[in-house]
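# Residue-level structural notes
Read off the chains here:
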Amino acid sequence: MKRISLSVVFALVLVGIAAWQAHTFSQAGAPPNIAFDITKADIDLVLKNAPPSPPDRQLRVVDMGKYNLGVGIIHRGPTNDKPGDPISMIYHDYTAETYIITSGSGVLTTGGTINNKKASAGVNVMNGPSGNGTAGAGAYSRRVKEGDIIIIPTGVGHGWSQITDHVTYLSVRPDPDRVLPAGYVYPLLLKNLPTALPATQ
């Protein structure tokens, strides 16, 4: 009787371990074993053909195994603000961003207090749960231009002003909480996915 009980307990423990491993694997997943290209032609196609609003266009979201990674292209036209006007800011609850300015310039304000802070309705494909407000005490403004890189941690407010012509930038978004839709590809790019070169003999 004791032998049967111990066997049953042992079997249940093994089943529990297997279930835990399966759950852990499904949560973390295996990283992909291929690379994902976003060509300049892809970016140009999206910038030329996408509607002007919203300015953020998420190009791809890749499941990296333990986290998702999003890459977007953003194009902002001139702003109508004057120096001293309140600066609108947004923040993201779960995703950080790295901006890589590819053309143009503008004043970027980051950090500090966010006044009139309000969560946005719904969840967007670009950044997941987010919110907005206006720049408050401690916010830092500076002009950024082509070639500059800005790292914006999760929850840090950021907003643009004094764009005289345009600013275009890539945004790289690590997503450890998986709030972005893994596998997403911007619709215009779905019919433009690259094909592999034929194998050489």
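For the structure, check the block above.
In this report, we go over the structure that sits alongside the text. Source: prediction; values computed, not measured. The numbers attached to residues start from 1 for each chain and follow its sequence in the written order. Per-residue local features of the predicted model are confined to residues with pLDDT of at least 70, and side-chain atom pairs are confined, for both listing and counting, to 80 or more; whole-chain, interface and lining totals are unaffected and use all residues. For the side-chain quantities, the full set of heavy atoms in the structure was used; hydrogens and water were omitted.

### A word on the environment of G65
Helix and strand assignments follow DSSP, with helices taken as H or I runs no shorter than four residues and strands as E runs no shorter than two, numbered in order from the N terminus. Relative to the helices and strands, G65 is located in the loop between β1 (56–63) and β2 (68–76). Once the C-alpha coordinates of G65 and A30 are considered, the two residues, 35 residues apart in sequence, prove to be 4.6 Å apart.

### So, the pattern of salt bridges
In the sections that follow, a salt bridge refers to a side-chain nitrogen of Lys or Arg positioned within 4 Å of a carboxyl oxygen of Asp or Glu. In the structure shown here, the tally under the stated rule is five salt bridges. Among the charged side chains, a network of salt bridges with common partners joins D56, R76, E97 and R173.

### Quick look at helix α2 (residues 40–49)
Spacing of three or four residues puts side chains on the same side of an α-helix, whose turn is 3.6 residues. With a 1.4 Å probe rolled over the protein chains alone, any residue whose accessible area is under 20% of its type maximum counts as buried; one over 50% counts as exposed, and the rest are partly exposed. Within α2 the residues assigned to the buried category are D42, I43 and V46. Each buried residue of α2 lies within a common arc of 95 degrees when the element is viewed along its axis, so the set occupies one face. The outward face of α2, more than 90 degrees from its buried face, is lined by the exposed residues K40, A41 and K48. Any two residues whose heavy atoms approach within 4.5 Å at even a single point are treated as in contact. If you follow the buried residues of α2, they end up packed against β1, β2 and β10 (167–175). In this context, the arc is that of the directions from the helix axis out to the C-beta atoms.

### Here's the deal with the environment of G157
Its place among the elements puts G157 in the loop between β8 (149–152) and β9 (158–161). Residues G157 and T109, spaced 48 residues apart in sequence, show a C-alpha to C-alpha distance of 8.0 Å.

### Description of the packing of aromatic side chains
Note on aromatic contacts: the rings of Phe and Tyr and the six-membered ring of Trp form a pair at centre separations within 6.5 Å, being stacked when their planes are under 30 degrees apart, edge-to-face when over 60 apart, and tilted otherwise. Tallying each qualifying case throughout the model produces three aromatic pairs. For the ring pair Y99 and W160, a centre distance of 6.4 Å and an interplane angle of 15 degrees mean the geometry is stacked. On the criterion of sequence distance, the pair formed by Y99 in strand β4 (residues 97–110) and W160 in strand β9 is long-range, its members being 61 residues apart. Accessibility assignment for this pair places Y99 and W160 in one class, buried. For the ring pair Y99 and Y169, a centre distance of 4.4 Å and an interplane angle of 45 degrees mean the geometry is tilted. Here Y99 is found in strand β4, whereas its partner Y169 is found in strand β10, with 70 residues between them in sequence.

### As for the nonpolar core
Counting residues in hydrophobic clusters, the biggest one holds eleven residues: I74, Y99, I101, L108, V144, I150, I152, W160, I163, V167 and Y169. Of all the secondary structure elements, the ones that give two or more residues to this core are β4, β8 and β10. Per-element accounting of this core gives the leading share, three residues, to β4. Discounting chain neighbours no more than four positions away, the residues touching I163 are R76, G77, P78, T79, S105 and G106. Put simply, a nonpolar core is a bunch of buried Ala, Val, Leu, Ile, Met, Phe, Trp, Tyr and Cys residues held in one set by side-chain atoms that sit within 4.5 Å of each other. In terms of nonpolar packing, the next biggest core, distinct from the first, is built from ten residues, V46, L170, V185 and L189 among them.

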